[in-house]
Amino acid sequence: MWSLAVIGLGWLMVTLGARARVMRATWPDAPPTSEAVAYEKLHPLLYSLEVFLPFVNLHQERYWWPDANAHGDCIVLGRGLRMSGAVLRYYLWMQVIAGWLLSAIFVAGVTGLMRND
């Protein structure tokens, strides 16, 4: 349940970051030669899953990352919300750590290394 909560919150945070335009396209290996090049679309749920689950590569984090210097506004439930790329980046780092910890606990429980005595 904790894993689903962290993934769900990550999905919400990335969605808000995309709406506030603090998520930036990145080209880590090969920058495009022109603006007309098709680019991978951001899928917030897949992004959250990729950040949370170690050893999973859904090709989202490679193409998108929050700009720590960006700030933007988005509408949530009829109210304006100011979103910071730096805050989103810190959240995603915490989500990576939570993913490693909760995944290790899950594997330990499944393999019988951890017992509820």
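Use the structure listed above.
Residues numbered from 1 in each chain as written. Predicted model: local features only at pLDDT ≥ 70, side-chain atom pairs only at ≥ 80, totals over all residues. Heavy atoms only, no water.

### Details of the packing of aromatic side chains
Here is the rule we go by: Stacked, tilted and edge-to-face are the three classes applied to pairs of Phe, Tyr and Trp rings, where Trp contributes its six-membered ring and a pair requires centres within 6.5 Å; stacked means planes under 30 degrees apart, edge-to-face means over 60, and tilted covers the rest. A run of H or I in DSSP becomes a helix once it reaches four residues, and a run of E becomes a strand once it reaches two; helices and strands are each numbered from the N terminus. The rule is simple: take the accessible area with a 1.4 Å probe, protein chains only, and divide by the maximum for that residue type; under 20% is buried, over 50% is exposed, in between is partly exposed.
This structure, assessed with the given rule, holds 2 aromatic pairs. Consider the rings of F55 and W100, whose centres lie 5.1 Å apart with planes at 75°: the pair is edge-to-face. Of this pair, F55 sits in the loop between α2 (44–52) and β2 (64–66) while W100 sits in helix α3 (residues 85–111), placing them 45 residues apart in sequence. Residue F55 is classed as exposed on the basis of its relative accessible area of 78%.

### Concerning the nonpolar core
Worth spelling out the cut-off: Residues belong to a common nonpolar core when they are buried Ala, Val, Leu, Ile, Met, Phe, Trp, Tyr or Cys residues joined through side-chain atoms within 4.5 Å. Should any heavy atoms of two residues lie within 4.5 Å, those residues are considered in contact.
Of all hydrophobic cores here, the largest spans 22 residues; its most connected members are M23, Y47, M83, L88 and L92. Residue assignment for this core shows that the elements contributing at least two residues are α1 (2–19), α2, β2 and α3. With 5 residues, the top contributor of residues to this core is α1. For Y47, the residues in contact, after removing those within four places along its chain, are V14, M23, L42, Q60, E61, W64, W65, P66 and L92.

### Description of a nonpolar patch on the surface
Applied cut-off: Excluding any residue in a salt bridge, patches collect residues exceeding 30% relative accessible area, merging like charges within 9 Å and nonpolar Val, Leu, Ile, Met, Phe, Trp and Tyr side chains within 5 Å. Reported accessibility uses the Shrake-Rupley method at a 1.4 Å probe radius. Residues are deemed covered only where the shown protein chains occlude them. Salt bridges are defined by distance alone: a side-chain nitrogen of Lys or Arg within 4 Å of a carboxyl oxygen of Asp or Glu.
Nonpolar side chains collect at one region of the surface, where L46, L53, V56 and L58 lie side by side and expose about 250 Å² of accessible area between them. Judged by relative accessible area, which is 30%, L53 ranks as partly exposed.

### Points about the side chain of Q60
To keep it simple, the criterion reads: As used in this structure description, the phrase polar contact means that two N or O atoms lie within 3.5 Å; if the pair is within protein, one of them must be able to donate a hydrogen and the other to accept it, and residues adjacent in sequence are counted only when both atoms belong to side chains.
The residue Q60 is located in the loop between α2 and β2 in this model. Among the polar contacts made by the side chain of Q60, one reaches the main-chain amide nitrogen of H43 at a distance of 2.8 Å. Not counting the four nearest positions on each side in its chain, Q60 is found in contact with E40, K41, L42, H43, L46, Y47 and E50.

### Here's the deal with the pairing of strand β3 (residues 71–76)
Rule in force here: A pair of strands is treated as paired once DSSP finds two or more bridges between them.
Here β3 runs beside strand β4 (residues 79–84); their pairing, made up of 6 bridges, is antiparallel. Residue pairing across strands places C74 opposite L81, the latter belonging to β4. Counting the residues in the hairpin turn of β3 and β4 gives 2 residues, including L77, whose phi is positive at 55°.

### Brief notes about the packing of α1 against α2
Quick note on the threshold: Here an axis means a line fitted to C-alpha atoms, over the contact stretch when the element is a helix, while the angle between two N-to-C directions is reported on a 0 to 180 degree scale. For classification purposes, an angle smaller than 35 degrees is called roughly parallel, one larger than 145 roughly antiparallel, one from 65 to 115 roughly perpendicular, and anything else oblique. What makes a crossing left-handed is the near helix being turned counterclockwise from the far one by less than a right angle; a clockwise turn instead makes it right-handed. Amino acids are sorted into nonpolar (Ala, Val, Leu, Ile, Met, Phe, Trp, Tyr, Cys and Pro), charged (Asp, Glu, Lys and Arg) and polar (every other residue, Gly among them).
It is at 8 Å that the axes of α1 and α2 come closest, and there the two elements cross at 130°. By the angle between their directions, the pair α1 and α2 is classed as oblique. Note on packing geometry: the crossing formed by α1 with α2 is right-handed. Along its contact with α1, which presents S3, V6, I7, G10, W11, V14 and T15, the element α2 presents P44, L45, Y47, S48, L49 and F52. Residue composition of the contact of α1 with α2, grouped by class: 9 nonpolar, 4 polar and no charged.

### Quick notes on the packing of α2 against α3
For the pair α2 and α3, interaxial distance at closest approach is 7 Å and the crossing angle is 60°. Classed by the angle they form, the pair α2 and α3 counts as oblique. Judged by residue contacts, Y47, S48, V51 and F52 of α2 engage L92, Q95, V96, A98, G99, W100 and L102 from α3. For the contact of α2 with α3, a count of residues per class yields 8 nonpolar, 3 polar and no charged.

Read these as layout, nothing more, since geometry by itself doesn't imply function.
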